[in-house]
Every structure is written in C-alpha cells, then in structure tokens.
Amino acid sequence: MSEEISLQVAEHQESWFSSWFRWCPTSLAFLREAEKSLLSNLSNSYQGKNINVGKVVGGSESNVWTVCMNEESHNTPIVLLHGFGSGVGLWCLNLDSLASDRPVYAIDILGFGRSSRPKFNTDPLEAEREFVASIEAWRREISLNKFILMGHSFGGFLAASYAIKHPDRISHLILADPWGFPEKPLDVAERYNLPIWVKVVGAIVQPFNPLSVIRIAGPLGPKLLSNARPDLIRKFSPLVKNAEEVIPNYLYHCNAQDPSGETAFHNLMAGFGWAKHPMINRIDALRKGVPITLIYGSRSWVDRDPGFQIKYNRKDSFVDVKVISGAGHHVYADRAEVFNELVGTIGEHVDSGTLPPISPEDTPENHKGKDIENISNIINKIGSGNL
C-alpha cells in the first residue's frame, strides 16, 4: 500500500513539474543558446567551461560556469562577479576592452545563470559564507594566485565579503554600484515619501522571491521584461544585434529556472534595497593593504554615501570613489567606454605595482542626482530583474 501511495505521489510530482516547464518554457539548453547569441557580438574569442567546485553548498557537486578570455596574457587577471538576476552575458560591453591586455574570467555566481543551483542555507550569514566558499573553491580550481576582483551590485557585496575572507588573493577590489552596503533607515517610508501603493505592494511581495513574477508570467516572461526595461535594452543596442529580443530572452532564461541563488539573495536582503547584515559595518575587517575603488553611477538608486564613509574611515588605506556622470545602476553598461577606461587604468597600475591617482575630495556636487531614482523605483528594478 505504501509503495502504491509513493508511486501516486511521484506521478503527481512528475505531472506538476511537467506542467510547470510547459508553462515556463526554459532549460539549460535554451539559456546556453541565449548566452551564445549575446556573446557572439564580441570581437575577440572566448572559452566557456564548467569548473567543478565540489560540495561547497548543499552537500552535492556543483559547477561554476566560467567565460575566459586572453588567458595567455601574463598581466594580472581580473575576475568579474555579476549582479542579482544576471549572468556573464551582460558583461558583453566590457569583455573585449578588459581582455585587451589581461586575462578575464567572468563567472556565473553559484545559483545563477548556467552555474549549478544548489540549495543554500537559509541563515543569511551562512548563505553568504557559502557564496564566498564557492568563489574560493573556483579560484583554487582555476589556479589563480592573485587577481583584480570586480563585482557589480550583489556581486559587489560578495566581492567585498570574499576580500575580507581572502585578502591575500586581491590585487585591487573594484565595487561597481555595490548593493548591500548601507544600513536600512528606520524611517524608510517617511524618508523616501513612499506612496500608499508602494507600501502595499512591498508588504505583499516581501515573502516571495524578487523575480517570481517572471516565472509566474511563464512564456510571457520575455515580453514582460522587454516592456518593463526598455532602458536596459537600449544600453546594449549599440553592440548587440537584435537587442530587443536577445537581452530579454537571455534574462528570462537566467531567471525562469530553479531560483536557487535568488532564494539565497532573498534570505540575505532586508526589504528591497538593503542587506540584513550591511557591509558598511564589516568592511573595517578588510586588511588595510587591499586597495579599493568604488564606482557609482550619478543617476543610480544605490546610496553612495557608504563609499565616501569607507574612504574617510580608511585613512591609512587606498580607497577611491568614482562617480560616472549620467550613468545609472548599470554603470558598466550606461557609460561602457568610460567604465572600461577607468577599470583598464586600474589594471595598468596594478601591473606596474603603483596606485591610481585619487579622485578630488568629496563635494556636494558629487552627491547630486542620488535621489533621481528613489526607493520606490527599486520595486520596478527588482521586479524586472538584475539588481
């Protein structure tokens, strides 16, 4: 009797999963093709490979998908960590430039993109430790000794956490519009003058994964992304052929699958725009000898005050804050040429064993534009992916 019940349960589960995948037409094969279409716009060749990182998360073997360029160069490598809901493909505006004079390794963070999607610990600090452990296991397998580490948004949060744990591996830490640094204000609604509908929506969606709406939309997901983020498509249009189809398709297949990393991120966050354990309270643990450059977009919704706090508090360490005029949260894509030149200059100084020139001291002008995209817009950003 128990075997019959088990069989019925298995058949029910199989039917449920089959119905789900019919509603969300996605697979790793579809994601592979979507990424291939995006990276076909690169001028230089690249190699993609799965790097086995062992049982670092969830007790099962995991792979980290890695795109490599110019590995034969003897200059200091740079490792790229993408933002939430993204993948290696969205570095397409940067890869050719960054790889012109050094090895580049762009990885799909475990739980995202084409990497394995294990079950992370539900405790936020433990889940963060697992992310960091997966990056370190990947480094060992790739056999990198020391490198420039650059992370965007959520990738910036993880890059900082990794640097604190493994400072000997970091030649220079670059944080591009990093998420999760400031403390969450106690008076969020009052400070940002949130309308009633934002408060209601926020309360409703708080228990759910940020990108669940994409999976609920099923085959309408790419259209939803296209309608929600035409600005994101425009960023890539100068390079990416048929960007209006390629970009939403890639983001859809990145996020329509098992939301392993997304669930972990949800456990790390406090509300929409903050971390439960803000990095600003822990960055002092980073070894003073590790140079840091923080790069913000002048029109981004990300609070850049923590960047200046870090600069002022670490008087005996190299900390520089760059604000790229006219760029938003996707600072690497909004002003790609400026961004690439800035990162390239940092790489040249690392290779020569020198430090880049420090930006002029902070002025009120540096803070203008910080409220152009206020906190109510974060709902749109998260709802359409790619924090």
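These numbers were taken from a predicted model, which means no experiment stands behind them. (Residues numbered from 1 in each chain as written. Predicted model: local features only at pLDDT ≥ 70, side-chain atom pairs only at ≥ 80, totals over all residues. Heavy atoms only, no water.)

1. Some thoughts on the overall build of the chain
Reasoning step 1: Helix and strand counts for the chain come out as 16 helices and 8 strands.
Reasoning step 2: Considering only intrachain contacts with a sequence separation of at least 6, the fraction spanning at least 24 residues in the chain is 78%.
Reasoning step 3: Carbon together with sulfur atoms contributes 52% to the accessible area of the chain, which is approximately 16800 Å² in total. (Helix = DSSP H or I, 4+ residues; strand = E, 2+ residues; numbered from the N terminus. Contact = heavy atoms within 4.5 Å. Areas by Shrake-Rupley, 256 points an atom, 1.4 Å probe, with all protein chains shown as cover.)

2. Structural notes on the packing of helix H4 (residues 124–142) against helix H12 (residues 260–268)
Reasoning step 1: At a minimum axis distance of 8 Å, the contact between H4 and H12 shows a crossing angle of 135°. Classed by the angle they form, the pair H4 and H12 counts as oblique. In the crossing of H4 with H12, the sense of the turn from one axis to the other is left-handed. Between H4, through Pro124, Ala127, Glu128 and Phe131, and H12, the contact on the second element is made entirely by Gly261, Ala264, Asn267 and Leu268.
Reasoning step 2: Taken together, the residues of the contact of H4 with H12 break down into 5 nonpolar, 2 polar and 1 charged. (Axes fitted to C-alpha atoms, helices over the stretch in contact; angles between N-to-C directions. Parallel < 35°, antiparallel > 145°, perpendicular 65-115°, else oblique. Left-handed = near helix turned anticlockwise from the far one by under 90°. Nonpolar A, V, L, I, M, F, W, Y, C, P; charged D, E, K, R; others polar.)

3. Remarks on the pairing of strand E8 (residues 319–324)
Reasoning step 1: Relative to E8, strand E7 (residues 292–297) is paired through 6 bridges, and the arrangement is parallel. Residue Tyr296 lies in a different strand from E8, and its bridge partner there is Val323.
Reasoning step 2: Handedness of the crossover joining E7 and E8 through helix H13 (residues 305–313) is recorded here as right-handed. (Pairing = 2+ DSSP bridges. Right-handed = clockwise from strand over helix to strand, strands pointing away.)

4. A look at the sheet that holds E8
Reasoning step 1: Read from one edge to the other, the open sheet built from 8 strands follows the order E1-E2-E4-E3-E5-E6-E7-E8, with strand pairing classed as mixed. Each of the sheet's edge strands pairs with one partner strand only, and the pair in question is strand E1 (47–57) and E8. Direction aside, neighbouring strands of the sheet carry axes that sit 20° apart on average.
Reasoning step 2: Of the strand pairs in this sheet, strand E3 (residues 78–81) and strand E4 (residues 104–107) are connected by 4 bridges, and their pairing is parallel. If you follow Ile78 over to E4, its bridge partner there is Val104.

5. Comments concerning the packing of aromatic side chains
Reasoning step 1: Inspection of every chain in the model, using the stated rule, returns 13 aromatic pairs.
Reasoning step 2: Look at Trp91 and Tyr332: their rings are 5.2 Å apart centre to centre, the planes differ by 50°, and that puts the pair in the tilted class. One end of the pair, Trp91, is in the loop between E3 and helix H3 (95–98); the other, Tyr332, is in helix H14 (residues 331–334), with 241 residues separating them in the sequence. Each member of the pair, Trp91 as well as Tyr332, is classed as buried.
Reasoning step 3: Pairing Phe154 with Trp179 gives two aromatic rings, centres 5.9 Å apart and planes at 75°, and the pair type is edge-to-face. Here the residue Phe154 occupies a position in helix H5 (residues 154–165), and Trp179 occupies one in the loop between strand E6 (170–176) and helix H6 (188–191), the gap between them amounting to 25 residues. (Phe/Tyr/Trp six-rings, centres within 6.5 Å; stacked < 30°, edge-to-face > 60°. Buried < 20%, exposed > 50% of the residue type's maximum accessible area, 1.4 Å probe, protein only.)

6. A look at unusual backbone geometry
Reasoning step 1: Backbone geometry places Asn70, a non-glycine residue, at a positive phi of 55°.
Reasoning step 2: You can see Asn70 is positioned in the loop between strand E2 (60–69) and E3.

7. Notes on the side chain of His253
Reasoning step 1: By secondary structure assignment, the location of His253 is in helix H11 (residues 243–255).
Reasoning step 2: The buried category is assigned to His253, whose relative accessible area is 6%.
Reasoning step 3: Not counting residues up to four positions away in its chain, the partners in contact with His253 are Pro25, Thr26, Ser27, Phe30, Leu31 and Ala34.

8. A few points about the nonpolar core
Reasoning step 1: Grouped together as the largest cluster of nonpolar side chains are 106 residues, with contacts concentrated most on Trp138, Phe154, Leu173 and Phe236.
Reasoning step 2: Those residues within four positions of Trp138 in sequence are excluded, and the remaining contacts are Ile51, Val53, Val64, Thr66, Val79, Tyr105, Ile107 and Leu144. (Core = buried A, V, L, I, M, F, W, Y, C linked by side-chain atoms within 4.5 Å.)

9. Quick notes on the confidence of the model for the chain
Reasoning step 1: On average, residues of the chain score 84 in pLDDT, and 81% of them are at 70 or above.
Reasoning step 2: Segment residues 1–21 is flagged for pLDDT under 50; beyond a separation of four residues in sequence, or across chains, it makes 2 contacts in the model.
Reasoning step 3: Within the model, pLDDT remains below 50 along residues 362–387, and this stretch shows 75 contacts once partners closer than five positions in the same chain are excluded. (pLDDT = per-residue confidence, 0-100.)

10. Considering H5
Reasoning step 1: The first and last C-alpha atoms of H5 sit 17 Å apart over 12 residues, in line with the 16 Å expected at 1.5 Å per residue.
Reasoning step 2: Within H5, 10 of the 12 residues are buried, which leaves the element mostly enclosed by the surrounding structure.
Reasoning step 3: Every buried residue belonging to H5 is among Phe154, Gly155, Gly156, Phe157, Leu158, Ala159, Ala160, Ser161, Tyr162 and Ala163, and all of these are buried.
Reasoning step 4: On its buried face, H5 is in contact with E3, H4, strand E5 (147–152), E6 and H12. (Expected span 1.5 Å × (residues − 1).)

11. Comments concerning the pairing of E2
Reasoning step 1: By the criterion of burial, E2 is predominantly enclosed, with 7 of the 10 residues buried.
Reasoning step 2: Both E1 and E2 contribute to a ladder of 8 bridges, which runs antiparallel. The partner of Gly54 across the bridge, within E2, is Ser62.
Reasoning step 3: Between E1 and E2, which pair antiparallel one after the other, the connecting turn spans 2 residues, and Gly58 there sits at a positive phi close to 70°.
Reasoning step 4: Strand direction decides the pairing type here: E2 and E4, joined by 4 bridges, are antiparallel. Bridged to Val67 within E4 is Ala106.

12. A closer look at the side chain of Ser73
Reasoning step 1: Along the chain, Ser73 falls in the loop between E2 and E3.
Reasoning step 2: Exposure remark for Ser73: the relative accessible area of 17% places this residue in the buried category.
Reasoning step 3: Side-chain polar atoms of Ser73 contact the backbone oxygen of Asp101, separated by 3.5 Å.
Reasoning step 4: In contact with Ser73, not counting residues within four places along its chain, are Asp101, Arg102 and Pro103. (Polar contact = N/O pair within 3.5 Å; in protein donor to acceptor, adjacent residues only side chain to side chain.)

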